[in-house]
Amino acid sequence: MTEQPDHPPLGATAGRPPWERLPSAFRELVDDSLDSPVASAQVQQGGFTPGVAARLILTNGTRVFVKALPDDHLLAHRYRAEAATSKALPTGVPAPRLRLYRDAEGWVLLVFDDVEGRHPDLSPGSPDVPAVAAAVEAMTESLTPCPLPDVPSASTICVPMIHGWDELAADPPADLGAWERDNLPLLVELEAAWAARADGPALVHGDIRPDNLLITAHETVVVVDWAKPRRGNQWRDLTDLIPHLIMAGHIPDAAERALHGLQFWESAPAEAITGYAAAYAGFWTRMSRKPDPPGVPNLRAYQRRAAGAALAWTRFRTGW
Ligand SMILES: Nc1ncnc2c1ncn2[C@@H]1O[C@H](COP(=O)(O)OP(=O)(O)O)[C@@H](O)[C@H]1O
Ligand SMILES: [Mg+2]
C-alpha cells in the first residue's frame, strides 16, 4: 500500500477487543465447533465496528477469521444480516465462506475462511483500480437478479439514512462551508432526486470501500463484510468506489474515468448519480459532526474526509 499520510491509515479505525475478551466457555464452544482448538489470534484492523475481529490459527494449522459482538450491541443486527447474506451468496461471488455462526450466550459470532490478502491501493495509476472496478462490476452481474428474497429494498434502508442537507438546512452549523451554505436549498433538492431512483434489481453489498476489499497473492479481489445487504441499483456498488478513489488522490474527473467502459456505470442515469453524490456528501457532512460512538474514535475524522471527497465529486458533477 502507498502511504497516505494526511489521514488515519486503513487500520486506525475501530477499537478492537482481543479474542481473549470473549468468555472462555464461549471460546471453548468455538474450539469444539471448529474441530480444533485455537492456537493463536491476531487482532485485525480495518472497519468501524468495535467488535472482536481476529485472524485465528487453529492447532491443526487451519486459518480462520472471526468477528464477534455482544448480542445487545447496537450493531448486532448487522452481524446477523451478514450471517444470513453470507450463507446465501451464490458460489460465484468472491466472498469468504461462512464456516460457523453462533447467536448464543450473549454473543453474535461469525467465523469465515481466512483470506490472506491486502487492501487495494486506490491511488491514481495503481493497477488495483481497474482490477477492483472490474471485480465489483462482475460481482453485481452475478447478483442480478437479487438472489436473496428477503433483503430489504434500498428505498426502505438507504434513503432514510443517506441524506443530510435537509437536516443541515433546518439548522445550519456555524462551521458549514461557504459553498455548502450558499447552495443548501439546491443540495436539498438534489439529494432528494436519488431517493426516487434508489431501487433496482441487484443485491447490493452496500459498503464497498478499501477496507472491505482484500486482494490475494493471485490478484483475486475478495469482498468481505456483507452486513448491509439491500436490493438496489446495479450502479450502486460500482459508484461507491468514486469517493474512495477521490480520497486516495484522484480528482473527481479521473475517479469517474476509472469506471468508463463498465456497463453499470455507463448505463446509470446521470441525474440519479448526481443526486447520489450529493446525498452522500450530505450524509457524511451531517454524520461527521456527531459525537464519537463508543469504541470508534476515528470514525468522525474519516467521515470528514469522506464528506470532502463527496463534496468535490458533487461540485464536479453540478458545475456549481
Ligand atoms: N475473511 C477474512 N480473512 C482475513 N481478514 C479479514 C476477513 N474478513 C475481514 N477481514 C479483515 O478484518 C477487517 C474487519 O472485518 P470486517 O468484516 O470488514 O468488519 P467490520 O464490520 O468491523 O468492518 C477487514 O477490514 C479486513 O481487513
Ligand atoms: Mg468492514
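From a predicted model like this one, the values you see are computed outputs, not experimental measurements.

Along its length, the protein carries 13 helices and 10 strands. The globule rule puts the C-alpha radius of gyration for 320 residues at 20 Å, and the 20 Å found for the protein is close to it. Overall, the protein is about 60 × 40 × 40 Å in size when its C-alpha atoms are taken along their principal axes. Relative to its full complement of 320 residues, the protein shows a buried share of 53%. By sequence separation, contacts in the protein at least 24 residues apart represent 71% of the contacts at least 6 residues apart. For the protein, the computed accessible surface area is about 13,600 Å², with 54% contributed by carbon and sulfur atoms. Both charge centroids of the protein, one from 29 positive and one from 40 negative side chains, sit 2 Å from each other.

Within the structure, ligand 1 sits among 20 residues, and R16, K67, V115, D211 and D225 are positioned closest to it. Between N212 and ligand 1, the recorded distance is 2.9 Å, taken from a side-chain N or O atom to an oxygen atom. Bound to the protein, ligand 1 loses 98% of the 550 Å² it would expose on its own. Broken down by class, the residue content of the shell around ligand 1 amounts to 6 nonpolar, 7 polar and 7 charged.

Judged by how many residues are buried, strand β2 (residues 52-58) sits mostly within the fold: 6 of 7 residues are covered. Pairing between β2 and strand β3 (residues 63-70): 6 bridges, direction antiparallel. Along β3, the bridge assignment pairs V52 with A68. Hairpin connection from β2 to β3: 4 residues lie between these consecutive antiparallel strands, with G61 at a positive phi of about 95°.

This brings us to the side chain of T216. Examined against the element boundaries, T216 turns out to sit in strand β8 (residues 213-216). By relative accessible area, T216 is classed as buried at 15%. In this structure T216 touches V115, E116, G117 and V222, once residues within four positions along its chain are discounted.

Here we come to the packing of aromatic side chains. Counted by the stated rule, this structure contains 7 aromatic pairs. Note on F283 and W284: the rings are 6.4 Å apart at their centroids and 50° apart in plane angle, and the pair reads as tilted. A residue is classified by how much of its surface remains accessible, and F283, at 12% relative accessible area, is buried. Judged by relative accessible area, which is 7%, W284 ranks as buried.

Another point: the packing of helix α12 (residues 270-287) against helix α13 (residues 299-318). Across the interface, α12 lies against α13 with an axial gap of 8 Å and an inter-helix angle of 150°. The pairing of α12 with α13 is recorded here as roughly antiparallel in orientation. Relative to α13, the crossing made by α12 is left-handed. Counting all contacts with α12, which are made through A270, I273, T274, Y276, A277, A278, Y280, A281, W284, T285 and M287, the residues of α13 involved are R300, Q303, A306, A307, A310, L311, W313, T314, R317 and T318. Split by residue class, the contact of α12 with α13 holds 14 nonpolar, 5 polar and 2 charged.

Definitions and limits used
Residues numbered from 1 in each chain as written. Chains lettered and ligands numbered in written order. Predicted model: local features only at pLDDT ≥ 70, side-chain atom pairs only at ≥ 80, totals over all residues. Heavy atoms only, no water. Helix = DSSP H or I, 4+ residues; strand = E, 2+ residues; numbered from the N terminus. Rg over C-alpha atoms; globule rule 2.2 N^0.38 Å. Buried < 20%, exposed > 50% of the residue type's maximum accessible area, 1.4 Å probe, protein only. Contact = heavy atoms within 4.5 Å. Areas by Shrake-Rupley, 256 points an atom, 1.4 Å probe, with all protein chains shown as cover. Lys, Arg positive; Asp, Glu negative; His and termini not counted. Charge placed at Lys NZ, Arg CZ, Asp CG, Glu CD. Near = heavy atom within 4 Å. Polar contact = N/O pair within 3.5 Å; in protein donor to acceptor, adjacent residues only side chain to side chain. Nonpolar A, V, L, I, M, F, W, Y, C, P; charged D, E, K, R; others polar. Pairing = 2+ DSSP bridges. Phe/Tyr/Trp six-rings, centres within 6.5 Å; stacked < 30°, edge-to-face > 60°. Axes fitted to C-alpha atoms, helices over the stretch in contact; angles between N-to-C directions. Parallel < 35°, antiparallel > 145°, perpendicular 65-115°, else oblique. Left-handed = near helix turned anticlockwise from the far one by under 90°.

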